[in-house]
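Understanding the architecture of this molecule
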Amino acid sequence: MKDSILYIEDEFFFANTIANKLSEHGFEMDTAKNGTLGIEALKKKKYGLVLLDLILPEMSGFEVLEHMKQDPATKDIPVVVLSNLSSDEDREKAKALGASDFFVKINTTPNEVLAMVRRIVGSPADPTP
Amino acid sequence: MITAQLLVTLASHAFSGLIMLGSGFFVLLQNPKKKLNVFYFIFTIPLFIYEASFVAGPLMPSESFAYGVWFINIVDVFITATVVHLMFAVSGLENRFRWYLKATYGVAFAIFAAAIVYPHLFLPQVVPKLYFPWYLDAGPLYVVMFVFFMTAPIFPYIKLVQASTGPLNRIKLEYFVFMFALGYAIGPWNFALVFDYQIDPLYGSPLWLGTIPIAYGIIADQLFDIRLVLKRALFYSLSIGGITGFLALLIFLNDYLVDRLPWIQFWTVPIFTGALAFIVGRVIWSKFAENERVKYEFITVATHKLRTPLTQISWGLRELVEASKEEKPRELALRIQQASNRLIELTNIIFEATQKDDGQYSYTKEKVGLIGVTKDVFAKLGHLIIEKRIEASIHVDGEVYVMADERRIRSVIEVFLENAVVYTPEGGFVQVIAYEKGNRVIYSVRDSGIGVSGAERKSIFMRFYRTDAAKRADTEGVGLGLAMAKNIIDRHGGRIGMESPGEGKGSTFWFSIPHGIEAVP
């Protein structure tokens, strides 16, 4: 399902803001509040995009990323990191693990996240190419 | 007859001379373009010559040779002149008291010339004194020189003390006040014996203890806390002294052991101590690295913790602004948003400043349209541009592409444009010009802002450096943006620079980097 997006984020505020913004624009949004729940959600449903925080309880974002890229069922789903970590070390690590993009929350806005999502999966109204 | 006592005194003076000259070279190499650094270097030259003559004089085989070498003591007049000059230079009063400087140099040359013409008025003879086979005997001209040496620096010293009570650079000047006093407390002990007071000139040998901290004060960008700086300077002085002393001791010990113990070869002690030094060095280095790591980690964690609530405020405010239909709450929310943006910028700066940029992490190369980025950044600065009625314009033939790390190049453009807008008074202009030249792209931002004075142009890309005009125009800057920009442009194999006709006359900041785009045949 191309238009469905999973946002793995432990902070309710962020999860809620982004989920609202994206649903308002027609995307089907699911959120998971830690890495383990995120992996479970990924097993149940096919997503077009995963937005991933890095500092998460139980299983970190890096671990989720690693797990996803090793599993043939999830390895092709684009993952965009949406975190407040911003060091070169973290960016390189995320990239090496297969993240397609890296957004620093504090330097971005919900509208920019929406634009990025549209760029990657297209608008929900778009016919699937 | 060379006694052990003489050897110790001469070795101490030799050590002092070498350390001072070494510090001169070190300070010079730190920033050969900075006047103060060059001046410190010049200051160490007569000091070194003085110490060299002090060491060589007593060792001369004959009286006539000894006389010739001790005569070099006349270099004291130039030590005096350079001390005066250095005192004015550190207090920034060099230009105001040019007349005093000229007079000091004039007197120095006059005494020097008189001594050359009438050498025996300066140094009537060299005679055995204390444990020295030859030491100076003072003639009337020597007395004149000594009086000059002791009195000429009084006036600049008073001026330095006065300047240090003012608001500008108080801590730094207080530091120099203390260090010059220390130097003058140690230096003149050698003179006592010249005037037949039986005081061992050994006490005059730790002169370097006064000069190394002065060198440190010159190269340290900003001295925040006088106690901390004193502690640090003392630490550096003692470390340099300690290491050199230790090496000298080793050589001595080695000779002694090789002499006494038949089973010790000349290389035994060096190899053993070399290995020991390596181990100690490693331990110290790892402690130091650990310390740095903890510091970075602490700041990373602290900024991250701050970022979560800050992002929530920022995102929340955005939603609030979008949702506000009424003018008043919307305006209020916008104002809070500006404050929150400022807070975000500050945490970003703290974060960036503490990141190690040791080239460990690669820069990505992607096709970046500089004009697109410029338009984005101008849009972000929109409210400020409108508020200050600044005429912002872009002069290009079309998009200018470059293969670069987009995020970093964006930061450079942000720094350029933000500085231009912040430091340009109301009603001014900011012009962006970008074009290709050969295999490079040149990007420049010209403004009608506060400009940069000649002396400050060299330091403007240094970390934490802010020009005086910039401090007056915007009290909130930190002085990291341009340093970061320079680092980024360097890593792209480019050049960065600025031109300004002077303070208040606007400036142009530019960078040029290889565009890295293969020409299509």
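The rules behind each value
Residues numbered from 1 in each chain as written. Chains lettered and ligands numbered in written order. Predicted model: local features only at pLDDT ≥ 70, side-chain atom pairs only at ≥ 80, totals over all residues. Helix = DSSP H or I, 4+ residues; strand = E, 2+ residues; numbered from the N terminus. Buried ≥ 20, exposed ≤ 12 C-beta atoms within 10 Å, placed from the backbone. Contact = placed C-beta atoms within 7 Å. Pairing = 2+ DSSP bridges. Axes fitted to C-alpha atoms, helices over the stretch in contact; angles between N-to-C directions. Core = buried A, V, L, I, M, F, W, Y, C linked by C-beta atoms within 7 Å. pLDDT = per-residue confidence, 0-100.

What to know about the overall build of chain A
From N to C terminus, chain A includes five helices and five strands. The helix and strand sequence of chain A, counted from the amino end, reads β-α-β-α-β-α-β-α-β-α. For chain A, the residues scored as buried account for 36% of the 129 residues in total. Pairs at least 24 residues apart make up 62% of the contacts formed inside chain A by residues separated by at least 6 positions.

Thoughts on the sheet that holds strand 8 (residues 495-499) of chain B
Residues and elements named next belong to chain B. The sheet built from five strands is open, its strands ordered 4-6-7-9-8 with mixed pairing. The open sheet has two edge strands, strand 4 (391-395) and strand 8, and neither has a second partner. Strand-to-strand twist across the sheet, computed as the mean angle between neighbouring axes with direction ignored, equals 15 degrees. Contacting strand 6 (429-437), strand 7 (440-447) and strand 9 (507-514), helix 17 (residues 406-422) runs over the sheet at an angle of about 20 degrees to strand 7.

Looking at the nonpolar core
Among soluble globular proteins, nonpolar side chains are generally buried collectively. All names here are of chain B. Judged by nonpolar contacts, the single largest core of 59 residues is most densely connected at Y40, W70, V77, L86, M87, F176 and A215. Considering each element in turn, this core owes the most residues, 11 residues, to helix 4 (residues 76-91). Apart from the residues within four sequence positions on either side, Y40 is in contact with G24, V27, L86, A215 and I218. Counting 38 residues, the second largest nonpolar core, distinct from the first, contains V400, I450, I460 and A485.

A closer look at the confidence of the model for chain B
Chain-level statistics for chain B give a pLDDT mean of 85 and a share of 93% at 70 or above. ipTM for the predicted complex: 0.85, alongside a pTM of 0.49.

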